[in-house]
Amino acid sequence: MSEGKSCPDAGGGGSSTALSRVPAPADPIPVSPIPAVNVASVPQRSPLRYPGGKTWLIPHIRHWLKAIEPRPKLLVEPFAGGGIVSLTAVMEGLVDRCLMVELDRDVAAFWHAALRHGPELCEMVRGFQPTREAVDALSRQVPANVLEHGFRTLVLNRTRRGGILAPGASLIRSGECGMGLASRWYPGTLAGRLSAVADNAGRIEFSESDGMALLEGMPAGAVLFVDPPYNAGGKRAGQRLYAHNEIDHARLFTLLAETKAAFLMTYDRSDEIEDLVGKYGFQAIQVEMKNTHHARVPELVITRERMFPE
Ligand SMILES: C[S@@+](CC[C@H](N)C(=O)[O-])C[C@H]1O[C@@H](n2cnc3c(N)ncnc32)[C@H](O)[C@@H]1O
């Protein structure tokens, strides 16, 4: 790479000013020693294909939970979405139980259905053909009960682009291998994941409520995985992805500083969040993830104590 490219602000013309260039300051946020993960190597335990899902973070979650002493009994996830972290923690025996909290009515209906009516939901999945007519009819239907509502959420999640359920989301068009709407509808795989959720239902609690309110009264001995919708620092992605996307980020940091619970929180990189990390004396590392366009994007993983002590 030419000098001009590596230092575009240095002034042009090859004059002597080049000698007095100030080196770019080192990034104050260290990079995680755990390498970027190929998500195909992580068991996909959530039946939902969740926008902003944290499958790529699972190796860090395992490392974090295994280092906590005594072994945590309860993991609380106040912004649960597809719940991959809670499901993995319970199913891999990293914690005894989890509490997943989510405000979105449709997502909540899915979790209620999966936890209370697992076998019936599996049957509905196995019997469904995701034609455009069937998906359109389902999206217009007013569900008669929580099972129908949860099933509708699952179908729409797996047939809309990017799994987005928020208003304005469009359907998958050509999809994988030109399979269109069916390209993310794998009945056998989904039924398998639903059965695993149902088998563990006694250890998974779900609450349709406000995760911020929950943080004000955390149960003693619980640990927290916090993955809020993000639209700070001028980025509006959270608005497009989730119906509930307004979070008071400064308040969230204050609540975490006030609780005694160990926590691991994720965020996009932004000056606002990095300032809050500094203000509260939290620790942050950068973890690389691949976004849906296969670009490598650094995300922040924030904890109270250093995750990788030197
Ligand atoms: C980034 S997503 C979580 C993704 C999740 N970690 C996963 O792997 O699937 C954030 C979620 O927080 C939910 N949410 C937003 N505000 C909330 C609130 N006040 N209480 C509970 N959930 C909320 C959104 O509906 C969205 O599902």
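Since the structure is predicted, the reported quantities are computational estimates derived from the model, not experimental observations.

**Focus on the overall build of the chain**
Along the backbone of the chain there are 12 helices and seven strands. Looking at the chain residue by residue over its 310 residues, the buried ones come to 35%. Counting only contacts in the chain whose residues sit at least 6 apart along the sequence, the fraction spanning at least 24 positions is 67%.

**A look at helix 3 (residues 84-91)**
The element helix 3 is extensively covered by neighbouring structure, given that seven of its eight residues are classed as buried. Where helix 3 is buried, its residues contact helix 2 (58-67), strand 1 (74-77), strand 2 (97-102), helix 8 (187-199), strand 3 (204-208) and strand 4 (222-226).

**Let's talk about the nonpolar core**
With 72 residues, the main nonpolar core has Ile-61, Leu-75, Ala-89, Val-95, Phe-110 and Leu-121 as its most contacted residues. Mapping this core onto the domain boundaries places at least three of its residues in each of domain 1 (26-103 + 209-310) and domain 2 (106-203). Once you skip the residues sitting within four places of it in the chain, Phe-110 turns out to touch Leu-48, Gly-150, Thr-153 and Leu-154.

**A look at the confidence of the model for the chain**
Reading predicted coordinates in detail is not appropriate for stretches of low pLDDT. Counting all residues, the mean pLDDT for the chain is 86, and 86% of those residues have values of 70 or more. Segment residues 1-19 is flagged for pLDDT under 50; beyond a separation of four residues in sequence, or across chains, it makes seven contacts in the model.

**As for the pairing of strand 1**
Alternating residues of strand 1 divide into Leu-74 and Val-76 and Leu-75 and Glu-77, and every residue in both groups is buried. Sheet topology note: the strand 1/strand 2 ladder contains four bridges and is parallel. Note on strand 2: the bridge partner recorded for Leu-75 is Cys-98. Viewed along the sheet, the connection from strand 1 through helix 3 into strand 2 turns out right-handed.

**Considerations on the sheet that holds strand 2**
Taken in spatial order, the seven strands line up as 3-2-1-4-5-7-6 in an open sheet, and their pairing is mixed. Strands with a single pairing partner mark the edges of an open sheet, and in this sheet they are strand 3 and strand 6 (283-290). Each neighbouring strand pair of the sheet contributes to a mean axis angle of 20°, computed without reference to strand direction. Two elements, strand 1 and strand 4, share three bridges in a ladder whose sense is parallel. When the bridges of strand 4 are listed, Val-76 appears paired with Leu-224.

**Here we look at the packing of helix 6 (residues 132-140) against helix 7 (residues 146-159)**
At a minimum axis distance of 10 Å, the contact between helix 6 and helix 7 shows a crossing angle of 130°. Judged by the angle between their axes, helix 6 and helix 7 are oblique. As for the relative orientation of helix 6 and helix 7, their crossing is left-handed in sense. The segment helix 6 lies against helix 7, with Val-135, Leu-138 and Ser-139 engaging Arg-152, Val-155, Leu-156 and Thr-159. Residue classes in the contact of helix 6 with helix 7 are distributed as four nonpolar, two polar and one charged.

Thresholds applied
Residues numbered from 1 in each chain as written. Predicted model: local features only at pLDDT ≥ 70, side-chain atom pairs only at ≥ 80, totals over all residues. Helix = DSSP H or I, 4+ residues; strand = E, 2+ residues; numbered from the N terminus. Buried ≥ 20, exposed ≤ 12 C-beta atoms within 10 Å, placed from the backbone. Contact = placed C-beta atoms within 7 Å. Core = buried A, V, L, I, M, F, W, Y, C linked by C-beta atoms within 7 Å. Domains from an automatic or database assignment. pLDDT = per-residue confidence, 0-100. Pairing = 2+ DSSP bridges. Right-handed = clockwise from strand over helix to strand, strands pointing away. Axes fitted to C-alpha atoms, helices over the stretch in contact; angles between N-to-C directions. Parallel < 35°, antiparallel > 145°, perpendicular 65-115°, else oblique. Left-handed = near helix turned anticlockwise from the far one by under 90°. Nonpolar A, V, L, I, M, F, W, Y, C, P; charged D, E, K, R; others polar.

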